[in-house]
Amino acid sequence: MAKRNKLALMSSAVSMAAQMIYLLVNFVLRRFFIQYFGMEILGINGVLADVLNTLSLADLGVQSAITFRMYEPLARGREAEVNEIITLFRKVYWAIGSFIILGGLCCMPFLPFLVTDVSYSMAYIRFAFFLQLLVSASTYFLAYKRTLLYADQKQYLCSLVDIACNLCFALVKFAVIIIAKNYFVYLGVQILQNVISNLIVHQICRRKYRFLNVKAPVGKELKRNLFGDVKNVFAGKLATYVYGSTDNLVISALISTVSVGYLSSYKYITDCLMSIVYYMMMPIQPMIGNYLVDEGLDRAKKLFHNYTFVRYFFAFVLLVPALCLADNFIAVWIGPECVMTPWITCLLVADTYISIVYGPTGEYIEVKGLFAQEKRIMLLAAALNIVLSVAGVFVIGIYGVLVGTVICQIVLWIGKSTVVFRRVLMLDKKEIAEYWFGQLKGLLLFAGTAVLGKWIISQLFQGYSWLSFIVNGGILVLLSAGMVSLFYCRTSGFAYMMGLIRTIAGRFRKGGE
């Protein structure tokens, strides 16, 4: 258990460092991207990426199913079984990559229906789409071994590679944007970065897991079990696509592509905050799998509640400042002309808050392999999201799309929680009621702190500036952390989080031992 915790903490620290470097570099890159390429290209770039996300549905959730299948053989040291799984994974991903290329070429005639009200020619847009297609497809040909490192709690190795590649290629991208001023060359650099980073990870796996260098025969039972899981995981994959990609496609097709560009700057902020939490929490999911394999129900139940609190804490500390300062940041980052109405920020923050807080339910479902139980919930929420978003855009415009997404996130939260409570943790009615009461109390504290924080910063600065953003941001982070500490300092979740912080700090003091 000590080794697991050490690997989890190491992966968390390195992954967090990698993500922070990535975010800082890309915030600067995005500023120059808009300055030299314009908001129109930004909108086109976002829409084309979402079209490719449609093709990525060909993945069918294979990665999730494969990860689930690898937990136990890795924990038990069954190398032959791991090799068999990876061999099948490689074949499936090569087939998916090939399908994505062919599917992307077939999608090109339909791009005029999705990219609307732009000044660029359709030939220009199609070539940009082709380059993005190569970026996406190259991942499937090369990145499948990242999943092995993730399941084995060695994600930090991927993170170290990503840090080096992000820093090196960021310099190249800056040069392309400022000197060449060519969007196609910029996409070419992205292709090169993707290929090189995945080749390095591939070589690391070859050396670390030498048993993978021998081709293994794939048994019929593994194929049958895997594709049985995939049928159920696909519902989750479809729902994830609906929440992550269809909003932009609906807005682009029914309002304008440029509107996607303006909205994407706000979504980029919440996506970055979401990714910070994701990368910090990523090493915990394999730990959940190990707890469910080796430990009792009480330990798994305790981990669920503690993990939920840790995610709530980070949602609180990150999203209260985001809710209060998003407009200030947009104004000083890319210009006051890009500031949208406060309701946009509120809806995006609501969506992100729900996603972060109920995240453990999805991870417990995935680790336990309850894909069939999750399937109906995901399909219902996905269908509801599309209907509400399309209907909403005709009633209240862009707000309708975001309202539909928030409503469906609530449906998912309730549905997934029910599956976990009944099928994994075996909670009784009293325990379930305590969970929802705790979530309601946490939401009210979040809302009250946001209102208080907004009032406080309104008394300090007028107008937008980097100084006001930095000072107000510091105040809001301290206020948020203080409020959570005041109301939750005597809970087991708070004690668990402080223990993690002390452990990580101790590791750094000892030089990462």
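Everything in this summary refers to the structure shown in the same document. (Residues numbered from 1 in each chain as written. Predicted model: local features only at pLDDT ≥ 70, side-chain atom pairs only at ≥ 80, totals over all residues. Heavy atoms only, no water.)

**Side note on the overall build of the chain**
- Helix and strand counts for the chain stand at 20 helices and zero strands.
- A separation threshold of at least 6 residues defines the contact pool for the chain, and within that pool the share at least 24 residues apart is 84%.
- For the chain, the exposed surface amounts to about 22500 Å²; the carbon and sulfur share of it is 66%. (Helix = DSSP H or I, 4+ residues; strand = E, 2+ residues; numbered from the N terminus. Contact = heavy atoms within 4.5 Å. Areas by Shrake-Rupley, 256 points an atom, 1.4 Å probe, with all protein chains shown as cover.)

**Thoughts on unusual backbone geometry**
- Backbone geometry places K181, a non-glycine residue, at a positive phi of 55°.
- With respect to the helices and strands, the residue K181 is situated in the loop between α8 (155-180) and α9 (183-208).
- The class of K181 is partly exposed, set by a relative accessible area of 48%.
- A positive phi angle, near 55°, is found at M426, a position not held by glycine.
- By secondary structure assignment, the location of M426 is in the loop between α17 (398-423) and α18 (429-458). (Buried < 20%, exposed > 50% of the residue type's maximum accessible area, 1.4 Å probe, protein only.)

**Structural notes on the packing of aromatic side chains**
- This model, assessed by the stated rule, comprises 35 aromatic pairs.
- Aromatic side chains Y312 and F316 sit 5.7 Å apart centroid to centroid with 75° between the ring planes, which places their arrangement in the edge-to-face category. Residue Y312 and its partner F316 are located together in helix α13 (residues 297-333), separated by four residues, close to a single helical turn.
- Judged by relative accessible area, which is 5%, Y312 ranks as buried.
- Residue classification places F316 among the buried positions, given a relative accessible area of 0%.
- Sitting over the face of the ring of Y268, R30 holds its NZ or CZ atom 4.5 Å from the ring centroid. (Phe/Tyr/Trp six-rings, centres within 6.5 Å; stacked < 30°, edge-to-face > 60°. Lys NZ or Arg CZ within 6 Å of the ring centre and 35° of its normal.)

**Quick word on the packing of α13 against helix α15 (residues 359-368)**
- Their axes nearest at 9 Å, the elements α13 and α15 cross at an angle of 145°. Touching A300, L303, F304, Y307, T308 and R311 of α13 are G359, P360, T361, E363 and Y364, all from α15.
- The residue makeup of the contact of α13 with α15, split by class, is six nonpolar, three polar and two charged. (Axes fitted to C-alpha atoms, helices over the stretch in contact; angles between N-to-C directions. Nonpolar A, V, L, I, M, F, W, Y, C, P; charged D, E, K, R; others polar.)

**Side note on a nonpolar patch on the surface**
- A cluster of nonpolar side chains, L254, I255, I386, V390, F394, V395, I396, V403 and I407, forms an exposed patch at the surface whose accessible area comes to about 770 Å².
- Taken together, the elements giving at least two residues each to the nonpolar patch come down to α16 (371-396) and α17.
- At five residues, the largest contribution of residues to the nonpolar patch is made by α16. (Patch = residues over 30% accessible without salt bridge, like charges linked within 9 Å, V, L, I, M, F, W, Y side chains within 5 Å. Salt bridge = Lys/Arg side-chain N within 4 Å of Asp/Glu carboxyl O.)

**Details of α13**
- At L325, α13 shows its maximal kink, close to 65°.
- Burial within α13 is extensive, with 30 of its 37 residues counted as buried.
- In the segment just after α13, G335 is the residue with positive phi, at about 125°. (Bend = angle between axes of the 7 residues up to and from the residue.)

**What about the nonpolar core?**
- Formed by 149 residues in total, the largest nonpolar core has its most connected members in M70, L319 and Y364.
- With 21 residues, the top contributor of residues to this core is α13.
- With sequence-adjacent residues up to four places away left out, M70 is seen in contact with V82, I85, I86, T147, L148 and A151. (Core = buried A, V, L, I, M, F, W, Y, C linked by side-chain atoms within 4.5 Å.)

**Section: the environment of K416**
- By the element assignment, K416 lies in helix α17.
- For the pair K416 and K375, spaced 41 residues apart in sequence, the C-alpha separation works out to 9.9 Å.
- Sequence-distant contacts of K416, defined by excluding residues within four places in its chain, comprise Y358, T361, G362, I365, E374, I377 and M378.

**Observations concerning the packing of helix α11 (residues 257-281) against α13**
- Relative to each other, α11 and α13 sit at 155°, their axes nearing to 10 Å. With respect to their mutual orientation, α11 and α13 come out roughly antiparallel. Crossing of α11 against α13: the hand is right-handed. Here S265, Y266, Y268, I269, L273, I276, V277, M280 and M281 of α11 lie close against α13, whose contacting residues are Y307, V310, R311, F314, L318, L319, A322, A326, D327, F329, I330 and W333.
- Residues of the contact of α11 with α13, tallied by class, amount to 18 nonpolar, one polar and two charged. (Parallel < 35°, antiparallel > 145°, perpendicular 65-115°, else oblique. Left-handed = near helix turned anticlockwise from the far one by under 90°.)

**As for the side chain of Q193**
- Tracing the sequence through the fold places Q193 in helix α9.
- A relative accessible area of 12% places Q193 in the buried class.
- Apart from the residues within four sequence positions on either side, Q193 is in contact with C165, N166, F169 and K173.

**Examining the state of the cysteines**
- Counted according to the given criterion, the structure contains zero disulfides.
- Free of any disulfide, C168 has its nearest neighbouring cysteine sulfur in C165, separated by 6.8 Å. (Disulfide = S-S within 2.5 Å.)

Any functional reading would require information beyond the geometric quantities listed.
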